[in-house]
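The residues making up each chain are set out below.
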Amino acid sequence: METHTMAAGQGHPYFPQDALIPGYAPNSTPLPVILGAFGGIIGAFVLSCVTLAKWYSPALKRADQLTISWFALCGFLHLFFEGYFVLNHTTIPSSQSLFAQLWKEYALSDSRYLTSDPFMLCIETLTVLTWAPLSLLTALLTARNRAHEQGTRHLLQAIVCVGHLYGVALYYGTCGFAEHMAGLSYSRPEALYYWGYYVGMNAPWAVVPCLLLWRSAGAVRMAFGAVARGEEGKKGR
């Protein structure tokens, strides 16, 4: 249940305190239950993807299994969780569905998800339509582990990673601009919501894509190096 102080005259605990959130109803399910259910769904999906990948490609390396886990996680969140937001953004404040309650909890760190903010709707719609299917396709190509598909796999991996970095930069940037230039904060001041939810939950999409881009860059260098050595070998004959 929500225990936060309600903003005067607005009947909600979100910042800014004058944000208009029509029909807001506090969550009816305890937070541990919500998080446990969500974590169980995500865990089952990611574990199923990795298990199928290992069954299909028994020689799959640990690094590739982790890559599949990451893109399966991204695909699930983008398609189902963020897709739910795009389709139901006007009814989330009053809804008691699992995903709606999760969005209401996360919105304590960014109330734009409960006010049908145009930027959030645009970037989340783009995420659902592009990064969701491309993430799942990258996971599939990684799981197939076919030599002739590695070029396509790393190309898609690089595209999705750049998209994630661009998206998280815009996300942090718009909030930072509003906070430091306009004095407007969308997050409650408690450390859990600002540093835990807003910063911490989005940080993986700034860190992991950099690591995967580095790996894809290494694969490209190796491929071009092999081609160059082959050309040199032909010239030396």
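Residues numbered from 1 in each chain as written. Predicted model: local features only at pLDDT ≥ 70, side-chain atom pairs only at ≥ 80, totals over all residues. Heavy atoms only, no water.

Novice: Give me the overall build of the protein: which residues, what numbers.
Specialist: Scanning the protein for helices and strands turns up 7 helices and 0 strands. The secondary structure elements of the protein, listed N-terminal to C-terminal, are α-α-α-α-α-α-α. Within the protein, the fraction of its 237 residues that count as buried is 41%. By sequence separation, contacts in the protein at least 24 residues apart represent 71% of the contacts at least 6 residues apart. Summed over all atoms, the accessible surface of the protein reaches about 12400 Å², with 71% contributed by carbon and sulfur. (Helix = DSSP H or I, 4+ residues; strand = E, 2+ residues; numbered from the N terminus. Buried < 20%, exposed > 50% of the residue type's maximum accessible area, 1.4 Å probe, protein only. Contact = heavy atoms within 4.5 Å. Areas by Shrake-Rupley, 256 points an atom, 1.4 Å probe, with all protein chains shown as cover.)

Novice: Tell me about the layout of surface pockets, and name the residues and values.
Specialist: Taken as a whole, the largest pocket spans an internal volume of roughly 870 Å³. Forming the walls of the largest pocket are 33 residues, and the residues nearest its centre are Leu77, Glu82, Met201, Asn202 and Trp205. Listing elements by their share of the lining of the largest pocket, those giving two or more residues are α1 (31-56), α2 (62-88), α3 (98-106), α4 (118-144), α5 (150-181) and α7 (204-235). Classifying every residue of the lining of the largest pocket gives 24 nonpolar, 6 polar and 3 charged. Around the second largest pocket sit Cys49, Leu52, Ala53, Tyr56, Ile68, Ala72, Leu136, Ala139, Leu140, Ala143 and Arg144, which together line it. If you list the elements that add at least two residues to the lining of the second largest pocket, you get α1, α2 and α4. By residue class, the composition of the lining of the second largest pocket is 10 nonpolar, no polar and 1 charged. (1 Å grid on protein atoms, 1.4 Å probe; cavity = no way out; pocket = protein on both sides within 12 Å on 5 of 7 lines; lining within 4 Å. Points joined across faces, edges and corners; volume = space filled by probe spheres on them. Nonpolar A, V, L, I, M, F, W, Y, C, P; charged D, E, K, R; others polar.)

Novice: Pulling in residues and values, what's your account of the nonpolar core?
Specialist: Residues Phe38 and Trp103 are the most contacted members of the largest nonpolar core, which totals 48 residues. Contributing elements (two or more residues each) for this core: α1, α2, α3, α4, α5, α6 (191-200) and α7. Of the residues forming this core, the biggest block, 10 residues, is contributed by α2. If we skip the residues at most four places from it in the chain, tryptophan 103 touches Phe81, Glu82, Tyr84, Phe85, Ile92 and Tyr113. (Core = buried A, V, L, I, M, F, W, Y, C linked by side-chain atoms within 4.5 Å.)

Novice: Requested: an account of the pattern of salt bridges, with residues and values cited.
Specialist: The full count for this structure, using the stated rule, is 6 salt bridges. Of the charged contacts in the structure, one is a salt bridge between arginine 215 and aspartate 64, with a shortest N-O distance of 2.8 Å. Taken as a pair, arginine 215 in helix α7 and aspartate 64 in helix α2 lie far apart in primary sequence, 151 residues in all. Note on aspartate 64: relative accessible area 6%, which makes it buried. (Salt bridge = Lys/Arg side-chain N within 4 Å of Asp/Glu carboxyl O.)

Novice: How would you explain the environment of isoleucine 159 if you had to name every residue and give the values?
Specialist: As for its placement among the helices and strands, isoleucine 159 is situated in helix α5. A sequence separation of 54 residues divides isoleucine 159 from leucine 213, and the C-alpha atoms of the two residues are 9.0 Å apart. Setting aside anything within four residues of it in sequence, one finds isoleucine 159 in contact with Trp131 and Leu134.

Novice: Tell me about the UniProt feature "transmembrane region" (unreviewed entry) in the protein, residues and numbers included.
Specialist: The UniProt record annotates "transmembrane region" (unreviewed entry) at residues 33-56, 68-87, 118-143, 155-172 and 192-214. Within the segment residues 33-56, helix and strand shares are 100% and 0% respectively, and the terminal C-alpha atoms sit 34 Å apart. Span residues 68-87 is 100% helix and 0% strand, its end C-alpha atoms 27 Å apart. (UniProt positions renumbered as here; feature names shortened; annotations may be inferred.)

Novice: Outline unusual backbone geometry, listing residues and values.
Specialist: The omega angle of the peptide bond from phenylalanine 15 to proline 16 is -5°, so this bond is cis rather than trans. The residue proline 16 is located in the segment before α1 in this model. Phi angles above zero are rare outside glycine, and serine 116 is one such case at about 55°. With respect to the helices, strands and loops of the structure, serine 116 is situated in the loop between α3 and α4. A relative accessible area of 25% places serine 116 in the partly exposed class. The backbone of asparagine 145 shows a phi angle near 55°, a positive value even though the residue is not glycine. One can find asparagine 145 in the loop between α4 and α5.

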